[in-house]
Amino acid sequence: MNQKVFAPWDDPNQKPLIQFQNVTKKFGTFTAIDDLSLDIYEREFFALLGPSGCGKTTMMRMLAGFETPTSGTIRLSGQDLGQTAPNKRAVNMMFQSYALFPHLSVWENIAFGLKRESTDKDAIAARVEEMLRLTRLGKFAKRKPHQISGGQRQRVALARSLAKSPKLLLLDEPLGALDKKLREETQFELMDIQEKTGTTFVIVTHDQEEAMTVASRVAVMDEGRLVQVATPADIYEAPNSVYVADFIGDVNIIEGNATPNGDRVRIDWAEGQPEIWGTAQKPVASGERISFAIRPEKVTISKEKPEDRRNLLEGEVIDIAYLGNISTFHVKVGNGQIIKAQSANTRRLANRDITWEDRVWLTFTETAGVLLEG
Amino acid sequence: MRRFSWFNATSLTLGFAFLYLPMVILVIYSFNASKLVTVWAGFSTKWYGELLQNEDFLDAAWVTIRVAFFSSVLATVLGTMAATVLVRAGRFMGRGLFSGMIYAPLVMPEVITGLSLLLLFIGIGLDRGVFTIVLAHTTFAMCYVSVVVSSRLVSFDKSLEEAALDLGCTPFQAFRLVTLPIIAPAVISGWLLAFTLSLDDLVIASFTTGPSATTLPIKIFSAVRLGVSPEINALSTIMISVVTVGVITASILSKRSAVAQQRDEQAATQATG
Ligand SMILES: Nc1ncnc2c1ncn2[C@@H]1O[C@H](COP(=O)(O)OP(=O)(O)OP(=O)(O)O)[C@@H](O)[C@H]1O
Ligand SMILES: [Mg+2]
């Protein structure tokens, strides 16, 4: 069987569903979205990630039709959305504030959109029941929004936006108020729905694990700009900047001067400390100031000095964070920098031999980290 | 005993006596058996009975109710529309001027409002009667409705309307299906306010009425000039009751909507928290 990988963004023949072309959005003199271009393809699960206020909701609102770009165009299936009214777009949005209708019951909230386009009572009822089942709200169908919990409200908002099975569904932090278990279930539910219906999802989330789980691609934003758009694995393994590396997951950043040597790069990063060897993804100039980023789980910690290794640092354990399945050791190396190392707690008490104030050795391979500019 | 002192009790009694003694006397004398207004001759409801026989008063009551009904409905529609536009339209050139112009009639002396309306009606050659009073009352009551409704709309979460649009409503459907039901208590209390304002208006009605239409306040005023009769007392008592019920209902409704609003807001903050 030759299963094709889903990667329409690599295929020049694919037509994007959504195209942002040099879109800028200003509120007065404040630039919320800054000359942003982006293609999103059909059947994608596209995640927007970024700190609060970076313009995620603004992008969604432009897609839904509540804001018009100050300049640039947004296309949906090749058509300029321009002034198309929100109710004429095959786009549904789940609002960050839910925006449930307080005077209608849960059932009526979900049926609201369906009633606008169809008068077939049975079909509407069937669809609402299906949504209630999906979001496990059956018991609350008759209640008003103020009579249910925050997480239940969130599910009503989700059900309401899903009910019309739109071509494009915008989810603004859809799962923030759910507990971990329900959130994970709903994530898989969403992926399932996406598989079945072929809907394209654009999802805003603060939870990077969630973005990693559900997304086909992730866009990391900062102050109205896209910093990197790539698959979750690429974002994690090959961030294109210190900003992205730092934003996604835990990372050690070591700054130093580079000296290329074949396909390897030597980094002198502190007086009296052994140099670090990394692998260059791009050509590096000799003497260039660079940052070496390495994830804690790629750093091995041990009490005995390993033999014949490059990238060997000695330090003292100053803190241990025990997280159940893994432990993170904060190790202070010679020049005072803290380097985090993670190890899996595969055996009970496995790493109990390393404790506070122990002298330890940290090692990592030459390909474990990435070299970033600046 | 901090809450109760002789000083507090006395000032409270004096204050309320000042406010309500005249009305209490009027109500008491409406049950006076004597024809002489100032001489108590025992309890009787006969003046109420006689009132029902008095064609003039009944006609005037009918005119008043019709005027109050039509003008309050018109004022509610127009006032709600004005409030919606002013609260929703965002910032546009001259917005301050517009809202100022809507609220100005609130503080305009009634004599001037009445006089200018009279001049207008004469100017366009409109026959004065019920219709012109309705127009006049609509004009000034609509400001009150617009104040009441816009104070509710200011705190109305705009994303609810956006959600309705997003789910396929036209802007008008969004207003009818989402906004209106939610602000309904404010609209109804605006309507009740307009109704009671129209019921007891004398000045503007006398300016804009013609020989064919006499409202109750006009009728009472002209009757009193010939001397106060117990019948007038009875009539006034009935009007006091109607207005009281109207005002209390309006305030209960707006209080209830305030409570509901608070509840919704709490729900919203819980959602994001
Ligand atoms: N109507 C508006 N008027 C003025 N500024 C606005 C308006 N809407 C958004 N902004 C500003 O634009 C920026 C982006 O806002 P946006 O709501 O898109 O942020 P966000 O990325 O969704 O943040 P969060 O994660 O907190 O939801 C913010 O700085 C915000 O203050
Ligand atoms: Mg947001």
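Since the structure is predicted, the reported quantities are computational estimates derived from the model, not experimental observations.

## Some remarks on the overall build of chain A
Each helix and strand counted, chain A has eight helices and 20 strands in total. C-alpha extents for chain A along the principal axes are approximately 75 × 50 × 50 Å. A buried classification covers 50% of the 374 residues belonging to chain A. Within chain A, counting contacts between residues at least 6 apart in sequence, those at least 24 apart form 66% of the total. Looking at chain A as shown, the accessible area adds up to about 18100 Å², and 47% of this sits on carbon and sulfur atoms. Charge-centre separation for chain A: the mean point of 47 positive side chains lies 8 Å from the mean point of 50 negative side chains.

## Here we look at the domain arrangement of chain A
Residue and element names in this part refer to chain A. When cut into domains, chain A gives domain 1 (8-245) and domain 2 (250-373). On the domain 2 side, the residues contacting the nine residues of domain 1 number 10 residues. Along the contact surface separating domain 1 from domain 2 lie one salt bridge. For Glu237, the salt bridge is made with Lys298, and the minimal N-O distance between the two is 2.9 Å. On inspection of domain 1 and its partner domain 2, the count reaches four residue pairs in polar contact (both at pLDDT 80 or more). Counting residues per element, the ones that place at least two in the side of domain 1 that touches domain 2 are helix H7 (232-237) and helix H8 (242-247). Ranked by residues supplied to the side of domain 1 that touches domain 2, first place goes to H7 with three residues. Here the residues of the side of domain 1 that touches domain 2 are counted per class, giving six nonpolar, two polar and one charged.

## Description of the packing of aromatic side chains
Residue and element names in this part refer to chain A. According to the stated counting rule, one finds 12 aromatic pairs over all chains in the structure shown. A ring pair is formed by Phe45 and Phe201, whose centres lie 4.7 Å apart and whose planes are at 15°; its orientation type is stacked. You can see Phe45 sitting in strand S3 (residues 45-49) and its partner Phe201 sitting in strand S8 (residues 200-204), a full 156 residues away along the chain. What makes Phe45 buried here is its relative accessible area of 3%.

## What to know about the side chain of A:Asn311
All names here are of chain A. With respect to the secondary-structure elements, Asn311 resides in the loop between strand S15 (300-302) and strand S16 (312-322). Within the structure, Asn311 has its side chain in polar contact with the backbone nitrogen of Trp277 (distance 2.6 Å). At 3.3 Å, the side chain of Asn311 forms a polar contact with the backbone oxygen of Phe364. In this structure Asn311 touches Glu275, Ile276, Trp277, Leu362, Thr363, Phe364, Thr365 and Glu366, once residues within four positions along its chain are discounted.

## Details of the sheet that holds strand S11 (residues 252-261) of chain A
By definition, the strands of a sheet pair up through backbone hydrogen bonds, in either a parallel or an antiparallel sense. Residues and elements named next belong to chain A. Taking strand neighbours across the sheet as the criterion, the five strands line up as S13-S12-S11-S14-S20 in an open arrangement whose pairing is antiparallel. Each edge of the open sheet is held by one strand with a lone partner, namely strand S13 (276-279) and strand S20 (370-373). Averaged over all pairs of adjacent strands, the angle between strand axes in this sheet comes to 45°, irrespective of strand direction. In this sheet, strand S14 (residues 289-294) lies alongside S11 in antiparallel orientation, the contact comprising six bridges.

## Some words on the interface of chain A and chain B
Taken together, the contact pairs 23 residues of chain A with 22 residues of chain B. Taking both partners together, chain A and chain B bury about 2100 Å²; carbon and sulfur atoms supply 62% of that area. Joining chain A to chain B, the criterion identifies one salt bridge. Across the salt bridge formed by A:Arg61 and B:Glu162, the nearest N and O atoms sit 2.8 Å from each other. Across the contact surface, chain A and chain B share six residue pairs in polar contact (both at pLDDT 80 or more). At the level of secondary structure, the elements contributing two or more residues to the side of chain A that touches chain B comprise helix H1 (56-64), strand S6 (91-94), helix H2 (106-117) and helix H4 (150-162) of chain A. Partitioning the side of chain A that touches chain B into residue classes produces 12 nonpolar, six polar and five charged.

## Overview of the site of ligand 1
Residue and element names in this part refer to chain A. Taken together, 13 residues are adjacent to ligand 1, and Ser52, Gly53, Lys56, Thr57 and Thr58 come closest. Contact between ligand 1 and Gly55: an oxygen atom at 3.0 Å from a main-chain N or O atom of the residue. Expressed as a share of its isolated accessible area of 630 Å², the protein-covered part of ligand 1 is 63%. Every element with two or more residues in the shell around ligand 1 is listed here: strand S2 (30-40) and H1. Top element by residues in the shell around ligand 1 is H1. It accounts for three residues. Taken together, the residues that form the shell around ligand 1 break down as four nonpolar, seven polar and two charged.

## Here we look at the nonpolar core
Grouped together as the largest cluster of nonpolar side chains are 56 residues, with contacts concentrated most on A:Ile18, A:Phe20, A:Phe101, A:Leu170 and A:Val202. With six residues, the single largest contributor to this core is helix H8 (residues 171-199) of chain B. Discounting chain neighbours no more than four positions away, the residues touching A:Ile18 are A:Leu38, A:Asp39, A:Ile40, A:Leu63, A:Ile74, A:Arg75, A:Leu76, A:Leu168 and A:Val202. Of all hydrophobic cores here, the second largest spans 43 residues; its members include A:Leu49, A:Met131, A:Phe201 and A:Val244.

## With respect to the side chain of A:Gln187
All names here are of chain A. Assignment of secondary structure puts Gln187 in helix H5 (residues 180-197). Here Gln187 falls in the buried class, since its relative accessible area comes to 5%. Separated by 3.2 Å, the side chains of Gln187 and Glu210 make a polar contact. Ignoring sequence-local partners within four residues, the contact set of Gln187 consists of Leu175, Glu210, Thr213 and Val214.

About the cut-offs
- Residues numbered from 1 in each chain as written.
- Chains lettered and ligands numbered in written order.
- Predicted model: local features only at pLDDT ≥ 70, side-chain atom pairs only at ≥ 80, totals over all residues.
- Heavy atoms only, no water.
- Helix = DSSP H or I, 4+ residues; strand = E, 2+ residues; numbered from the N terminus.
- Buried < 20%, exposed > 50% of the residue type's maximum accessible area, 1.4 Å probe, protein only.
- Contact = heavy atoms within 4.5 Å.
- Areas by Shrake-Rupley, 256 points an atom, 1.4 Å probe, with all protein chains shown as cover.
- Lys, Arg positive; Asp, Glu negative; His and termini not counted.
- Charge placed at Lys NZ, Arg CZ, Asp CG, Glu CD.
- Domains from an automatic or database assignment.
- Salt bridge = Lys/Arg side-chain N within 4 Å of Asp/Glu carboxyl O.
- Polar contact = N/O pair within 3.5 Å; in protein donor to acceptor, adjacent residues only side chain to side chain.
- Nonpolar A, V, L, I, M, F, W, Y, C, P; charged D, E, K, R; others polar.
- Phe/Tyr/Trp six-rings, centres within 6.5 Å; stacked < 30°, edge-to-face > 60°.
- Pairing = 2+ DSSP bridges.
- Axes fitted to C-alpha atoms, helices over the stretch in contact; angles between N-to-C directions.
- Buried area = accessible area lost by both parts, 1.4 Å probe.
- Near = heavy atom within 4 Å.
- Core = buried A, V, L, I, M, F, W, Y, C linked by side-chain atoms within 4.5 Å.

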